[in-house]
Amino acid sequence: MTDAGDAARRRPPEPIALTVLTGFLGAGKTTLLNRLLKDPALSDTAVIINEFGEVSLDHLLVEYIGDNMVLLQSGCLCCTMRGDLVDALETLLRDLDNRRCTFKRVLLETTGLADPAPVLHTMMAHPYLLLRYRLNGVVTVVDAVNGEATLDAHEEAVKQAAVADRIVLTKTDLATEAQREGLLNRLHALNPAAPVLDAAKGEATANRLLDAGLYDPERRIPDVKRWLAAEAYADAHQHGDRHGHDHHHGGDDHGHDHQHLDRNRHDDHIRSFVIVTDQPVPTSALEMFLELLRASHGNKLLRVKGIVQLAEMPDTPVVVHGVQHVFHPTAQLERWPDDDHRTRLVFITRDLPEATVRELFDAFMGRVAPDRPDRAALTDNPLVPFGGR
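Residues numbered from 1 in each chain as written. Predicted model: local features only at pLDDT ≥ 70, side-chain atom pairs only at ≥ 80, totals over all residues. Heavy atoms only, no water.

**Student:** Tell me what's going on with the overall build of the protein, and back it up with residues and numbers.
**Tutor:** Across its full length, the protein holds 16 helices and 15 strands. In the protein, buried positions account for 51% of the 389 residues. Taking as baseline every contact in the protein between residues at least 6 positions apart, the subset at least 24 positions apart corresponds to 73%. When the accessible area of the protein is evaluated, it comes to approximately 17,800 Å², of which 50% is carbon and sulfur surface. (Helix = DSSP H or I, 4+ residues; strand = E, 2+ residues; numbered from the N terminus. Buried < 20%, exposed > 50% of the residue type's maximum accessible area, 1.4 Å probe, protein only. Contact = heavy atoms within 4.5 Å. Areas by Shrake-Rupley, 256 points an atom, 1.4 Å probe, with all protein chains shown as cover.)

As structure tokens, then:
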């Protein structure tokens, strides 16, 4: 019994779910935060904000825990970011481990100009943070009145919308029907899988924003179908591509160019698509595919997530999650969460054609198109930056 207790104590603690809240300047993040901080659903949540002065805490304050941390009536911990993101996340862990505070999840507010990919990259590239935190999801706030103009003018805003797991639409009560409809169409084209929540209608609750990760927060079991939303990407591809969603179709950029929307230059750089296969994937093929993709195109991978049926262990799938050059260590599930045992890999990319990723995957799976390199050619070629950057 003692040995079992010692073993349990030696195991690293369960990773803490971390949700990133982003949105462009003036989108309404502060208003949303003020509303969320009053919600009892944020109990056991640590919220990292840029400045205390940006949110109204006086009437919510219960006690000061430290120079940059306060406890609110909702049971939520609110702390400011002193220094960089790594310092803030490490400080929270020290306070938690030393029992100065308790929390089970983290909500991180980014600055309005932040490109979300480096923020996610920072967390996932740090060995200790990667051990202690698990990226739960990205929530992006979009202004219904000025949203289209912001997307036109700022590439960062397009990236924020493209990588989101949830999109919160603000100021819909001030926007015209044409503004709302045009923005919704554009957001769906950029990110077909993210549910859009109307803040003015009270849809942006804490539970709906924080319930975006792989694991069902109540039952603590993986909800792969909801997390991947692979069907949404496939449906959008079929709608936008008159040639259909054939795994072996040709052409690298046509999948989004047939949309009827008048798309601007920033939108045209973003691609979202899903690779689906019934064929079990050899572990070595998965590792080499991801490594070569990361080494050759890492800066173009905004987000990658998926579930894979391994040939060696078909009954215990692995979960893949990456941002740019950095991937979480693959997590093995005890069993398939439902009857769908297909491999599904979702990609959100910038300036990386879908066909490039598909051809690379096919090569490692032994499905080689004419005049394309096979797996041996890719791995044995000394000129390929395999394992490098």
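**Student:** Tell me about helix α8 (residues 177-190), and name the residues and values.
**Tutor:** An ideal rise of 1.5 Å per residue puts 20 Å on 14 residues; α8 measures up with 20 Å between its terminal C-alpha atoms. Among the residues of α8, those classed as buried are Leu183, Arg186, Leu187, Ala189 and Leu190. Projected onto a plane normal to the axis of α8, the buried residues spread over an arc of 160° and lie on a single side. (Expected span 1.5 Å × (residues − 1). Arc of directions from axis to C-beta.)

**Student:** Now, about helix α14 (residues 283-297): what can you tell me, with residues and values included?
**Tutor:** Helix length check: α14, at 15 residues, gives a terminal C-alpha distance of 21 Å against a target of 21 Å (1.5 Å per residue), a fit within 8%. For α14, the complete set of buried residues consists of Ala285, Leu286, Met288, Phe289, Leu290, Leu292, Leu293, Arg294, Ala295 and His297.

**Student:** Which residues make up the packing of aromatic side chains, and what values do they have?
**Tutor:** Overall, the coordinates contain 3 aromatic pairs when judged by the stated rule. On the basis of an interplanar angle of 20° and a centroid distance of 5.3 Å, the ring pair of Phe273 and Phe347 is categorised as stacked. Of the two residues, Phe273 sits in strand β10 (residues 270-277) while Phe347 sits in strand β15 (residues 343-350), which places them 74 residues apart along the sequence. Ring geometry for Phe289 versus Phe361: centroids 5.3 Å apart, planes at 80°, classification edge-to-face. Of the two residues, Phe289 is situated in helix α14 and Phe361 in helix α15 (residues 354-364); the sequence distance between them amounts to 72 residues. The exposure classification of Phe289 matches that of Phe361, with both residues buried. An aromatic cluster of three or more residues is present, and its members are Phe273, Phe289, Phe347 and Phe361. (Phe/Tyr/Trp six-rings, centres within 6.5 Å; stacked < 30°, edge-to-face > 60°.)

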